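What follows is each chain in one-letter form.
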Amino acid sequence: MDKLESVEEGLKVKREVLEVSSDLISSMGQFLRKRGFIEILPVVISPITDPLNHSVFDAGIEYYNGKYSLTKSMIFHKQLAMRIHPKIFSFSPNIRLETKDKRDSGRHLIEFTQLDLEMRDATRDDVMSLVEEMLTDAFEKLEEKFGKFLREMNPHFSIPKIPFERVKYLEALQKYGSNFESVLSENATQPFWLIDIHIDDREFYDKLDDNGKTLRDMDLIYPYGFQEASSGGEREYEYEKILRRMEYKGNDLESMKWYLEEVKKGIPPSAGCGIGIERLTRFVCNLDDIKSARLFAKKPGELAI
Ligand code: ASP
Ligand code: MG
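This write-up is about the structure you can find in this document. (Residues numbered from 1 in each chain as written. Chains lettered and ligands numbered in written order. Predicted model: local features only at pLDDT ≥ 70, side-chain atom pairs only at ≥ 80, totals over all residues. Heavy atoms only, no water.)

## Looking at the packing of aromatic side chains
Then comes step 1: According to the stated counting rule, one finds 14 aromatic pairs in the structure shown.
Then comes step 2: Between Phe139 and Phe283, the ring centres sit 6.4 Å apart and the planes meet at 40°, which makes this aromatic pair tilted. Of the two residues, Phe139 is situated in helix α4 (residues 124-153) and Phe283 in helix α9 (residues 277-285); the sequence distance between them amounts to 144 residues. (Phe/Tyr/Trp six-rings, centres within 6.5 Å; stacked < 30°, edge-to-face > 60°. Helix = DSSP H or I, 4+ residues; strand = E, 2+ residues; numbered from the N terminus.)

Spelled out as structure tokens, the structure:
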């Protein structure tokens, strides 16, 4: 650990930024409720959590003879919740103990909150349309309430035009090389979707396309260099396919046995995504560093209150 951040650092957030963030949370929640979604309480510890597609430090808690993991994403709980209700969302605190090389990315926190949503029997297109409308609605409300502040902070603030452009992962890779996401984001003036992400670049749970190479998934990318906003997709829900994907990824089957047992009993097909609240706030307010997007922010490699 390099340094212990001062308490004042954790409080260095503009009051109006907090108001904007609070308004986004409220508008998106209201929008989803109007569309028949219910808000479920977040899961903070569980024996199973998202394995992610990159490694982070372990965040576990020993408890009697078992072990809890702090939630990296609620993906599996969202899939299981589909048995009970067809449309759910949660403001889910995620802990991802990233390595300190990510400290200066401007967009990584080791504790963040994502608006996680999932829809039974939905397609990727359903989720993309929903998110486009939800963001447009939230931005319109922001404009009404905080127009003056946002224009001062962000010369580019505008209501995004829908539908957002869709860019295919492999085409972007071929055209711009491995750094394509940042190149495309730097040059864009509107949010856009990156779709059909390569199987090697994502976790096992997003659905594999018939081509066996790319996924039925999408990332939302912010313009002006702000990069990734959201990840999501249609999900694998069939036992054999999930097992094959976990083996392909080299996931630890033993630690995932509870999930696999439930999948065997049957989980509904679904699609969904997770949208980082701090990144959304940072984008809207045009903040240099994500640290200024929430109170008590914790960056990779730092100890903060
Ligand atoms: N995989 C996303 C995440 O990174 C969430 C989702 O797909 O719904 O948290
Ligand atoms: Mg992602």
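## Thoughts on a nonpolar patch on the surface
Then comes step 1: A contiguous nonpolar surface patch, about 330 Å² in accessible area, is contributed by Val7, Leu11, Phe296 and Ile305.
Then comes step 2: Position of Ile305 relative to the elements: it lies in the segment after α9. (Patch = residues over 30% accessible without salt bridge, like charges linked within 9 Å, V, L, I, M, F, W, Y side chains within 5 Å. Areas by Shrake-Rupley, 256 points an atom, 1.4 Å probe, with all protein chains shown as cover. Salt bridge = Lys/Arg side-chain N within 4 Å of Asp/Glu carboxyl O.)

## A few points about the site of ligand 1
Then comes step 1: Around ligand 1, the surrounding shell consists of Ser73, Lys78, Arg96, Gln114, Asp116, Tyr205, Ser231, Gly232, Arg235, Cys273 and Gly274.
Then comes step 2: In this structure, Tyr205 approaches ligand 1 through a side-chain N or O atom, which is 2.7 Å from a nitrogen atom.
Then comes step 3: In the model, an oxygen atom of ligand 1 is placed 2.7 Å from a nitrogen or oxygen of the Arg235 side chain.
Then comes step 4: For ligand 1, whose accessible area on its own is 270 Å², the fraction buried by protein is 94%.
Then comes step 5: Among the secondary structure elements, those contributing two or more residues to the shell around ligand 1 are β6 (111-120), β10 (227-234) and β11 (270-276).
Then comes step 6: A breakdown of the residues in the shell around ligand 1 according to their chemical character gives two nonpolar, five polar and four charged. (Near = heavy atom within 4 Å. Polar contact = N/O pair within 3.5 Å; in protein donor to acceptor, adjacent residues only side chain to side chain. Nonpolar A, V, L, I, M, F, W, Y, C, P; charged D, E, K, R; others polar.)

## A short note on the sheet that holds strand β7 (residues 165-168)
Then comes step 1: Spatially, eight strands are ordered β1-β5-β6-β11-β10-β9-β8-β7 in an open sheet, and the strand pairing comes out mixed. For this open sheet the edge positions go to β1 (38-39) and β7, each flanked by a neighbour on one side alone.
Then comes step 2: Note: β1 against strand β5 (residues 87-95), two bridges, orientation parallel. In the sheet register, Ile38 faces β5, and the bridge partner there is Ile88.
Then comes step 3: Packed on one face of the sheet, helix α5 (residues 169-176) meets β7 and β8 (192-195) and runs near 70° to β7.
Then comes step 4: Its contacts with the sheet put α9 on β5, β6, β9 (217-222), β10 and β11, and the angle it makes with β6 is roughly 105°. (Pairing = 2+ DSSP bridges. Contact = heavy atoms within 4.5 Å. Axes fitted to C-alpha atoms, helices over the stretch in contact; angles between N-to-C directions.)

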